[in-house]
Amino acid sequence: MGLFSKKNKEAFNTPLFKENPVTVQVLGICSALAVTSKLEPAIVMGLSVTIIVAMANVIISLIRNTIPMRIRIIIQLVVVAALVTLVSEVLKAFAYDVSVQLSVYIGLIITNCILMGRLEAFAMANKPWPSFLDGVGNGLGYAMILVIVAVFREFFGTGALLNIQIIPQSFYDAGYLNNGLMLMTPAAFILIACIVWYQRAKDKSLQE
Amino acid sequence: MKFLRNYLNKIKPNFEEGGKLHAFRSLFDGFETFLFVPNDTSKSGVNIHDAIDSKRIMSLVVISLLPAMLLGMYNIGLQNALAAGTAETTSWFSMFLYGLLVMLPKIAVSYIVGLGIEFTVAQWKNEEIHEGFLVSGILIPMIVPVGCPLWILALATAFAVIFAKEVFGGTGMNIVNVALIARAFIFFAYPSVISGDTVWVATESICGFGATVDGYTCATALQYVANGQEIMGAAGTALSTTDMLFGFMPGSIGETSVIAIAIGAAILLYTGVASWKTMLSVFVGGIVMLFVFADKLPAGMPIWEHLLLGGFCFGAVFMATDPVTSARTETGKYIYGFGIGAMTIIIRVLNPGYPEGMMLAILLMNVVAPFIDYCVVQSNVNARAKRLTKKN
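Computed from a predicted structure; not experimentally measured.

The next thing to look at is the overall build of chain A. What chain A contains, in helices and strands, is 10 helices and two strands. N-terminal to C-terminal, the α/β element order of chain A is α-α-α-α-α-α-α-α-β-β-α-α. The C-alpha radius of gyration computed for chain A amounts to 19 Å, which stays within 12% of the reference 17 Å derived for 208 residues, consistent with globular compactness. Along the longest, intermediate and shortest principal axes, the C-alpha atoms of chain A span 65 × 45 × 30 Å.

Residue and element names in this part refer to chain B. Summed over all chains, the structure comprises three cavities of 30 Å³ or more. Each pocket or cavity is described by its volume, and for the largest cavity that value is around 70 Å³. Taken together, G72, N75, I76, Q79, V146, W200, V201, A202, M249, P250, G251 and I253 form the lining of the largest cavity. Tallied by class, residues from the lining of the largest cavity come to eight nonpolar, four polar and no charged.

A word on the packing of aromatic side chains. Inspection of the entire model under this criterion finds 18 aromatic pairs over all chains. For the ring pair Y172 of chain A and Y176 of chain A, a centre distance of 5.6 Å and an interplane angle of 70 degrees mean the geometry is edge-to-face. A relative accessible area of 21% means that Y172 of chain A is categorised as partly exposed. Ring plane angle 75 degrees and centroid distance 6.4 Å describe the contact between W276 of chain B and Y334 of chain B, whose orientation is recorded as edge-to-face. Of this pair, W276 of chain B sits in helix α11 (residues 276–292) while Y334 of chain B is found in helix α14 (residues 330–350), placing the two residues 58 residues apart along the sequence.

All right, on to the domain arrangement of chain B then. Residue and element names in this part refer to chain B. Structurally, chain B comprises domain 1 (15–37 + 53–259) and domain 2 (274–387). A C-alpha centroid distance of 23 Å is found between domain 1 and domain 2. Contacts between the two partners involve 31 residues from domain 1 and, on the opposite side, 27 residues from domain 2. Here domain 1 packs against domain 2, burying approximately 2500 Å² in sum over the two surfaces, 79% of which is carbon and sulfur. For the domain 1 face of the interface with domain 2, the top three residues by lost area are L180, L222 and E255, together amounting to 24%. The interface formed by domain 1 and domain 2 contains zero salt bridges. Counting every contact that joins domain 1 to domain 2 gives one residue pair in polar contact (both at pLDDT 80 or more). Elements supplying a minimum of two residues to the side of domain 1 that touches domain 2: α3 (54–84), α5 (133–142), α7 (178–189), α8 (221–227) and α9 (241–246). Considering every element that reaches the side of domain 1 that touches domain 2, the biggest residue donor is α7, with seven residues.

Okay, the packing of helix α1 (residues 2–15) of chain B against helix α2 (residues 25–35) of chain B next. All names here are of chain B. Two elements in contact, α1 and α2, have axes separated by 11 Å at closest approach and are oriented at 160 degrees. On the basis of their axis angle, the class for α1 and α2 is roughly antiparallel. As for how α1 packs across α2, the hand of that crossing is left-handed. Touching L4, R5, L8, I11, K12 and F15 of α1 are R25, F28, E32 and L35, all from α2. By residue class, the composition of the contact of α1 with α2 is six nonpolar, no polar and four charged.

This part covers the nonpolar core. All names here are of chain B. Core analysis: the largest hydrophobic core is formed by 112 residues, its most contacted members being I186, I231, L309, F314 and I340. In terms of residue count, α3 provides more of this core than any other element does, 13 residues in total. Both domains that furnish three or more residues to this core are identified here as domain 1 (15–37 + 53–259) and domain 2 (274–387). Setting aside residues up to four positions removed in sequence, L309 forms contacts with A221, L222, V225, I231, M244, M249, M301 and R348.

This part covers the layout of surface pockets. Empty space within the second largest pocket amounts to approximately 560 Å³. In terms of lining, the second largest pocket is formed by 20 residues, of which the most central are I190 of chain A together with F159, F163, V176 and I181 of chain B. A per-class count over the lining of the second largest pocket returns 20 nonpolar, no polar and no charged. Domain assignment of the residues forming the lining of the second largest pocket places at least three in each of domain 1 (15–37 + 53–259) and domain 2 (274–387) of chain B.

This part is about a nonpolar patch on the surface. Residues and elements named next belong to chain A. Together, I43, L47, I51, M55, I59, L62, I63, L162 and I164 make up a nonpolar patch on the protein surface, roughly 790 Å² of accessible area in all. Along the chain, I59 falls in helix α3 (residues 39–62). Taking the relative accessible area as the measure of exposure, I59 reaches 33% and is therefore partly exposed.

Attention now goes to the side chain of Q199 of chain A. Mapped onto the elements, Q199 of chain A comes out in helix α10 (residues 185–202). In this structure the side chain of Q199 of chain A is engaged in a polar contact, spanning 2.6 Å, whose partner is the backbone oxygen of F17 of chain A.

Below, the discussion takes up the interface of chain B and chain A. With 12 residues of chain B in contact, the opposing surface of chain A contributes 11 residues. For the pair chain B and chain A, the two sides together bury roughly 890 Å², of which 77% comes from carbon and sulfur. Secondary-structure elements contributing two or more residues to the side of chain B that touches chain A are α6 (150–165) and α7 of chain B. Element by element, the count of residues in the side of chain B that touches chain A is highest for α6 of chain B, at five residues. Looking at side-chain class alone, the side of chain B that touches chain A contains 11 nonpolar, one polar and no charged residues.

Time to look at the pattern of salt bridges. Residue and element names in this part refer to chain A. Within this structure, the stated rule accounts for six salt bridges over all chains. For E120, the salt bridge goes to R72, with nearest N and O atoms at 2.8 Å. In this pair, E120 is assigned in helix α7 (residues 113–121) and R72 in helix α4 (residues 72–94), connecting sequence segments 48 residues apart. Residue class for E120 comes out partly exposed when judged on its relative accessible area of 30%.

Residues and elements named next belong to chain B. Closest axis-to-axis distance for the α2/helix α4 (residues 92–125) pair is 9 Å, and the angle between their directions is 115 degrees. Judged by the sense of rotation from one axis to the other, the crossing of α2 with α4 is right-handed. Residue-level inspection shows R25, S26 and L27 of α2 in contact with α4, the latter providing F119, A122 and Q123. Taken together, the residues of the contact of α2 with α4 sort by class into three nonpolar, two polar and one charged.

Applying the stated criterion across every chain yields a total of zero disulfides over all chains. In this structure C194 of chain A is not part of a disulfide, and its nearest cysteine sulfur, from C30 of chain A, lies 20 Å away.

What counts and how
Residues numbered from 1 in each chain as written. Chains lettered and ligands numbered in written order. Predicted model: local features only at pLDDT ≥ 70, side-chain atom pairs only at ≥ 80, totals over all residues. Heavy atoms only, no water. Helix = DSSP H or I, 4+ residues; strand = E, 2+ residues; numbered from the N terminus. Rg over C-alpha atoms; globule rule 2.2 N^0.38 Å. 1 Å grid on protein atoms, 1.4 Å probe; cavity = no way out; pocket = protein on both sides within 12 Å on 5 of 7 lines; lining within 4 Å. Points joined across faces, edges and corners; volume = space filled by probe spheres on them. Nonpolar A, V, L, I, M, F, W, Y, C, P; charged D, E, K, R; others polar. Phe/Tyr/Trp six-rings, centres within 6.5 Å; stacked < 30°, edge-to-face > 60°. Buried < 20%, exposed > 50% of the residue type's maximum accessible area, 1.4 Å probe, protein only. Domains from an automatic or database assignment. Contact = heavy atoms within 4.5 Å. Buried area = accessible area lost by both parts, 1.4 Å probe. Salt bridge = Lys/Arg side-chain N within 4 Å of Asp/Glu carboxyl O. Polar contact = N/O pair within 3.5 Å; in protein donor to acceptor, adjacent residues only side chain to side chain. Axes fitted to C-alpha atoms, helices over the stretch in contact; angles between N-to-C directions. Parallel < 35°, antiparallel > 145°, perpendicular 65-115°, else oblique. Left-handed = near helix turned anticlockwise from the far one by under 90°. Core = buried A, V, L, I, M, F, W, Y, C linked by side-chain atoms within 4.5 Å. Patch = residues over 30% accessible without salt bridge, like charges linked within 9 Å, V, L, I, M, F, W, Y side chains within 5 Å. Areas by Shrake-Rupley, 256 points an atom, 1.4 Å probe, with all protein chains shown as cover. Disulfide = S-S within 2.5 Å.

Here it is in structure tokens:
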């Protein structure tokens, strides 16, 4: 089987759109609501999850034949917890401000349903390379939604992107106001709902 | 009238299938049925046609809102004159004209944005135009402060129509009150234009009417109550109970005048559009809660005066009784209304950040209303089942 065979491409592509973990499977919603009020933490969170899912998928896939079925959840958790701790320490060392902003949510990646879901559903039954692609695809699918939501929330909520002021002062002088609702958690719900709405309107196979 | 009918008949073919103005058929249809009772008959099944359809109901509600709106317009001018200190020299007519000039753009924006979305959706889904926005469109400008900018009003209307109504399936399918969602949107997204002490009195002169007052501040009566201060009017003197009854005080445009709202309530009750059970129980709920919190209320203010202030009466008469979002069972209406009244006072008394609680109380009970109905129906089912088993 080639490195980028049709099946492998599918493992990478489907979680990006058709099986998107946030908008179709509705997983990882809590962190999508919590870290998206600004773009920077959303990007970091998306990347962290991508790295962790991909690595955990590879590791579990490598040892999948030696894991006893009865204690597989515990083993998966140990792998994920180790990776999360690594990422958390790296963030603290090199991006302290962001890690403070993300606070508990990096640690809570352990409980992110996307991880356990991919490990159980894909890594336990597939070879390392497809598992890696699947992990990266799911992570990026998650990150994509986070970034889209965060762009809207930060832009309309604070008039800035990545903390750089985009909307000029002259707009504010003319009576423009930042939308405070965008900084509240319900806005993330509404925006994710809009993305789900758009996606289902486009893709007939997703309509129930 | 004959000539209008003939004219409509003449241009009608343009809007039918294949006509050159087919794209605007829902607009034509909405306008035609607004003017004339449609003479379409049902094609299947047995149907009962009542003389009063939803267009007539909506028109009745709009008519009952008129007194509150006209008095609100006059009040805008009066508050402006009081703020400028020219109340003695300004005639009531120029006050009213000033209020009209302030109010008209708001009504226009609300209707254009809301109906625009409704027409687009109706056209897109190939449905008839729903008439629900007739009422929402006039309610929205009446429940915002006079200082609310037009673009925020437009944004809030669009948000409310799309997310509170169209996504649920249009008129009659909404879970929460559309006009209140528009207000809640402004309340959470742009708190500075709907609270505080600079937005409740118009301070800009328009077309020579009214006066421009710089750096003027005056809070709403409820804000003064929440701060434990004496209630001040726009002129800087204490408000009398008569002012509160007639509504000559700063506040959202339509909500201030208890007398005008009472006229509206009389129309609604006489025509049977609104339920007296809901209205009454809102007031009962409010009064009960006021007695519960009697020791937390500011001293020296009669308890019933709390019901005159803010949006309590307006909400009880025009918002709580919305047939779509309120409870539908007869017993449920008592519970629903009581919940609104009680919740309003709880929010007013216990939450220092929100001097007014009517909006949030109604929205909360809107969400609970289906559950109330379910419980009422279910308890009736259980009671009857019990009766049946007892007999055997």
